[in-house]
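# Residue-level structural notes
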Amino acid sequence: MPRRRKKKPVRIIHQSVGPLPLRLAARFVDQLLVFSDASQKRHGGLAAVLFADPDAVPLIATRTMAPIGSNELELEAALFGLEQARDHFPGQALTLFSDNLDTVTRLSLSRSRSLGLGLGQDPELAAMLAARDVTAMLERSTFCWVPGHASCRGNTLADQHAAAAAA
């Protein structure tokens, strides 16, 4: 008789009550929290979820675009999040969360002048930021990687809305 394979246990993920899990929420008090995500289906979908206050209803913005490479689409989603923050909350310090480590690294290095890095090292990104008029936002922005499909409610909302925009 053939041996039966064991079924994988279903992993239950409990979403955080606020936009971030409680263990992280204290680090980002009084900051605008921006969660960005992208999805590729029939089209490319971008989503930005902005929390001005952890207890308030988030501002959600989506955009559909032509499908491109995965990392490029995630970078477009992050830049879309910066645009939304600039338009709706001008001058406010923000933290942008993305589940794409390449995007977070690229944006973080673009503001690292102390290491001799910066936008001069990435002219393609500099052009993208200038075209969207968000270059000045780098000074008051922090970029954080959040694992995809984790217990972070903000990331889950961004993922859902990006998938809906891409359908």
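Right above here is the structure, for reference.
Below: a short report on this structure. Keep in mind that what you see is a predicted model, and the values were worked out from it rather than measured.

## Details of the environment of Leu94
Among the structural elements, Leu94 can be located in strand 4 (residues 94-98). We classify Leu94 as buried; its relative accessible area is 0%. Along the primary structure Leu94 and Gln15 are separated by 79 residues, whereas in three dimensions their C-alpha atoms are 22 Å apart. Those residues in contact with Leu94 that sit more than four places away from it in its chain are Gln31, Leu32, Val34, Leu82, Ala85, Met137, Arg140, Ser141 and Thr142.

## Concerning the pattern of salt bridges
Under the defined criterion, the tally for this structure stands at five salt bridges. The residue Arg106 makes a salt bridge to Glu124 at a minimum N-O spacing of 3.7 Å. With Arg106 in helix 3 (residues 101-110) and Glu124 in helix 4 (residues 123-132), the pair connects residues that are 18 residues apart, well separated along the chain. Among the residues examined, Glu124 registers a relative accessible area of 52% and is labelled exposed. A single salt-bridge network, built from bridges that share partners, covers Arg63, Glu76, Glu83 and Arg132.

Rules used throughout
- Residues numbered from 1 in each chain as written.
- Predicted model: local features only at pLDDT ≥ 70, side-chain atom pairs only at ≥ 80, totals over all residues.
- Heavy atoms only, no water.
- Helix = DSSP H or I, 4+ residues; strand = E, 2+ residues; numbered from the N terminus.
- Buried < 20%, exposed > 50% of the residue type's maximum accessible area, 1.4 Å probe, protein only.
- Contact = heavy atoms within 4.5 Å.
- Salt bridge = Lys/Arg side-chain N within 4 Å of Asp/Glu carboxyl O.

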